[in-house]
Amino acid sequence: MLKKTMQDALNAQMNAEIYSAYLYVSMSAYFESLNLKGFASWMRVQAQEEMMHAMKFYDYILERGGRVMMAAIDAPPTDWDSPLAVFTNTYEHEQKVTALIHTLVDLAVKEKDHATSNFLQWFVGEQVEEESSADAIVQQMKLAGEAPHALFMLDKEYGQRIFQPPTSSKE
Ligand SMILES: [Fe+2]
Ligand SMILES: [Fe+2]
């Protein structure tokens, strides 16, 4: 059985993952408005991944006999100054999420909740990937600079990303 403090913290992280999905859908819509279909598609896939993260928390809370509680989701920004600003925001956002995950691990350790600590390790690894992929795009966009054809090439390349659904929600 989950302790109340742990259950509240896991519900809060589920909310943060849904906010991430919401943020990336908003970024996708911004790219659509610029007719950068590849980046729009990348962001859509990113949003799907975040919903999958949220559902991992959902399933885990249930599996431990806890109570899932949905809360209000903050409104994300709707506009950015440039495509580079969007990916800089993405990178910064992922760093914030990493800090949230690490705080959750600290709480699980403090509460001696080893099962939750083990569950969270998947997210520790996932955040390393999330930060590194966002940072890579920021660096490539900086190299592309003001050259429109370089931006279009990146748009095409990133448009190839596809969502890989987990074979089970527990994975
Ligand atoms: Fe996430
Ligand atoms: Fe993420």
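Small disclaimer: the values here were computed from a predicted structure and weren't measured.

1. Considerations on the overall build of the protein
Line of reasoning, step 1. Scanning the protein from terminus to terminus reveals five helices and zero strands.
Line of reasoning, step 2. Starting at the N terminus, the α and β elements of the protein follow one another as α-α-α-α-α.
Line of reasoning, step 3. Since a compact globule built from 171 residues should have a radius of gyration of about 16 Å, the 17 Å found for the protein is in line with a globular shape.
Line of reasoning, step 4. Principal-axis analysis of the C-alpha atoms places the extent of the protein at approximately 55 × 30 × 25 Å.
Line of reasoning, step 5. The 171 residues of the protein split such that 30% are buried.
Line of reasoning, step 6. Within the protein, contacts between residues separated by at least 24 positions form 77% of all contacts whose residues are at least 6 apart in sequence.

2. What to know about the environment of His93
Line of reasoning, step 1. With respect to the secondary-structure elements, His93 resides in helix H3 (residues 83–110).
Line of reasoning, step 2. Remark: the alpha-carbon pair of His93 and Leu23, spanning 70 residues in sequence, is separated by 9.4 Å.
Line of reasoning, step 3. Not counting the four nearest positions on each side in its chain, His93 is found in contact with Ser20 and Leu23.

3. Quick notes on the nonpolar core
Line of reasoning, step 1. One finds Leu10, Tyr24, Met27, Phe31, Phe39, Met43 and Leu120 to be the most contacted residues of the largest nonpolar core, which totals 36 residues.
Line of reasoning, step 2. If you list the elements that add at least two residues to this core, you get helix H1 (4–33), helix H2 (37–63), H3, helix H4 (114–144) and helix H5 (148–158).
Line of reasoning, step 3. Ranked by residues supplied to this core, first place goes to H1 with 11 residues.
Line of reasoning, step 4. Not counting residues within four places of it along the chain, the set of residues in contact with Phe39 comprises Phe31, Pro83, Asp155 and Tyr158.

4. With respect to the environment of Ser28
Line of reasoning, step 1. Among the secondary structure elements, Ser28 is positioned in helix H1.
Line of reasoning, step 2. Remark: the alpha-carbon pair of Ser28 and Ala144, spanning 116 residues in sequence, is separated by 20 Å.
Line of reasoning, step 3. Among all residues touching Ser28, those that are not within four sequence positions of it are Ala40, Met43, Arg44 and Ala47.

5. As for unusual backbone geometry
Line of reasoning, step 1. Phi at Asn35 takes a positive value of approximately 65°, unusual for a residue other than glycine.
Line of reasoning, step 2. Residue position: Asn35 is located in the loop between H1 and H2.
Line of reasoning, step 3. According to the C-beta neighbour criterion, Asn35 is exposed, with 8 such atoms within 10 Å.
Line of reasoning, step 4. In this model, Lys112 sits at a positive phi of 55°, which is unusual for a non-glycine residue.
Line of reasoning, step 5. Positionally, Lys112 belongs in the loop between H3 and H4.

6. A closer look at the environment of Thr78
Line of reasoning, step 1. Along the chain, Thr78 turns up in the loop between H2 and H3.
Line of reasoning, step 2. Sequence separation between Thr78 and Ser33 is 45 residues; the distance between their C-alpha atoms is 11 Å.
Line of reasoning, step 3. Apart from residues no more than four positions distant in its own chain, Thr78 is found in contact with Ser26 and Tyr30.

Procedures and definitions
- Residues numbered from 1 in each chain as written.
- Chains lettered and ligands numbered in written order.
- Predicted model: local features only at pLDDT ≥ 70, side-chain atom pairs only at ≥ 80, totals over all residues.
- Helix = DSSP H or I, 4+ residues; strand = E, 2+ residues; numbered from the N terminus.
- Rg over C-alpha atoms; globule rule 2.2 N^0.38 Å.
- Buried ≥ 20, exposed ≤ 12 C-beta atoms within 10 Å, placed from the backbone.
- Contact = placed C-beta atoms within 7 Å.
- Core = buried A, V, L, I, M, F, W, Y, C linked by C-beta atoms within 7 Å.

That is the geometry; function is a separate question.
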